[in-house]
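Examination of the molecular architecture
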Amino acid sequence: MIAHELAKAGYKADVFDARPHVAGNCHTARDAETDVMVHVYGPHIFHTSNEKVWNYVRQFDEFMPFVNRVKAITKGRVYTLPINLLTINQFFGKTFNPREAEAFLQTLGDTSIASPQTFEEQALRFVGRELYEAFFKGYTTKQWGMHPSELPASILRRLPVRFNYDDNYYPSTFQGMPKHGYTYIVEKLLDHPNISLTLNAKFDRSMAAGYDHVFYSGPVDAWFGYSQGRLGYRTLDFVAETHEGDYQGNAVINYCDEDVPYTRISEHKHFSPWESHQKSVIFKEYSRFCEENDTPYYPIRLAKEKSQLKKYIELAQAEQKTTFVGRLGTYRYLDMHITIGEALDVAERFLACAQTGQEMPAFVVDPLG
Ligand code: UDP
């Protein structure tokens, strides 16, 4: 996106990707056996309340109607997520209306926790022990490899609790799936005479000479040769299976019990409900600590990592003509729409700096913020 915007403004841009394809973790490809459009690095569902971002992405493909309605299996029963009125009523065997459900949840929440700091405190404060243990404790332990009492409350704050029957996973104004997949969009973005693309090429600091500016979206610690230690990530393993017909009847089902080794199963043909396929590809998703040659997914961002990150930020700020962008470049847990919005801001800022003669900063957002 940055390359595209700068190319339109007359700059020449060389784009490097370490992988044999573009689009990073959003990469989509048709499965040879089933013809299903597969989200190769796991489910990516586009949602945003930012109209500028929504209009931007829709220049490159038609976005088809898609609403993420996640189901969760816990202790032998199926519920809807995020926790909503149906979840509460089914879980407790009640017929509460919104007001009653809210009052009921207040009686379950631990009000002695005045300002929740950890994931566990946040859950106990707002939904109480039973819902926490059913939906969050096992899933989160599997997802992060840690007890929820060691994780920040901010992770749980990503998920709303609703006192109505709205089971749309995202509280965003706009949501949809690109008709031809995300890779198609990125290919269109890069299809410009001012852009050259090199695949299978990991860009590093030694290659920066000769460029007026570098926008680095690789891992910030890699740029500095891991001088402050490796920043911790979780990685995901996807175990694919092919089935006949409809495997699970929904795009995403979470498995919240700790004794089920995977966190969720995604069935990719349901991400393209406008298509029809006889066969089906599913991914069982397993989370584990990211080792040296694994794909980094979720930045861990606990106290240790944050103090390492501080040192990397200082190094980055002393760097010349380099801006660190994206999830890996800023070591943040980012959704696609945030990354895209920030990429557009970076491009705008660069063009403004070029006009005024100001120096382009290392970050346009505070990675610790
Ligand atoms: N989470 C959970 N149970 C669920 C779904 C999510 O405990 O069934 C927790 C988990 O810790 C996860 C966080 O809530 O990391 C945020 O969920 P989200 O669906 O946003 O995770 P993502 O899609 O980014 O993996």
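Up top is the structure these notes are about.
**A word on the layout of surface pockets**
The computed volume of the second largest pocket comes to approximately 420 Å³. Around the second largest pocket, the lining is made up of 16 residues, and of these S154, R158, R301, Y333 and L334 lie nearest the centre. Split into classes, the residues belonging to the lining of the second largest pocket amount to 8 nonpolar, 3 polar and 5 charged.

**Here's the deal with unusual backbone geometry**
P82 follows L81 through a cis peptide bond whose omega is -10°. Phi at K75 takes a positive value of approximately 45°, unusual for a residue other than glycine. As for its placement among the helices and strands, K75 is situated in the loop between strand 6 (71-74) and strand 7 (77-80). Overall, K75 belongs to the exposed group, its relative accessible area being 58%. Phi is positive for N200, close to 55°, though the residue is something other than glycine. Within the secondary structure, N200 sits in the loop between strand 9 (195-198) and strand 10 (214-216).

**Some points on the site of the ligand**
Residues in close proximity to the ligand total 17 residues, the closest being T140, R158, Y169, Y298 and Y333. The separation between an oxygen atom of the ligand and a polar main-chain atom of F136 is 3.3 Å. Contact between the ligand and W144: an oxygen atom at 2.9 Å from a side-chain N or O atom of the residue. Broken down by element, the shell around the ligand gets its largest block of residues, 6 residues, from helix 6 (residues 128-144).

So, how was this worked out
- Residues numbered from 1 in each chain as written.
- Predicted model: local features only at pLDDT ≥ 70, side-chain atom pairs only at ≥ 80, totals over all residues.
- Heavy atoms only, no water.
- 1 Å grid on protein atoms, 1.4 Å probe; cavity = no way out; pocket = protein on both sides within 12 Å on 5 of 7 lines; lining within 4 Å.
- Points joined across faces, edges and corners; volume = space filled by probe spheres on them.
- Nonpolar A, V, L, I, M, F, W, Y, C, P; charged D, E, K, R; others polar.
- Helix = DSSP H or I, 4+ residues; strand = E, 2+ residues; numbered from the N terminus.
- Buried < 20%, exposed > 50% of the residue type's maximum accessible area, 1.4 Å probe, protein only.
- Near = heavy atom within 4 Å.
- Polar contact = N/O pair within 3.5 Å; in protein donor to acceptor, adjacent residues only side chain to side chain.

Distances and angles like these do not, on their own, reveal function.
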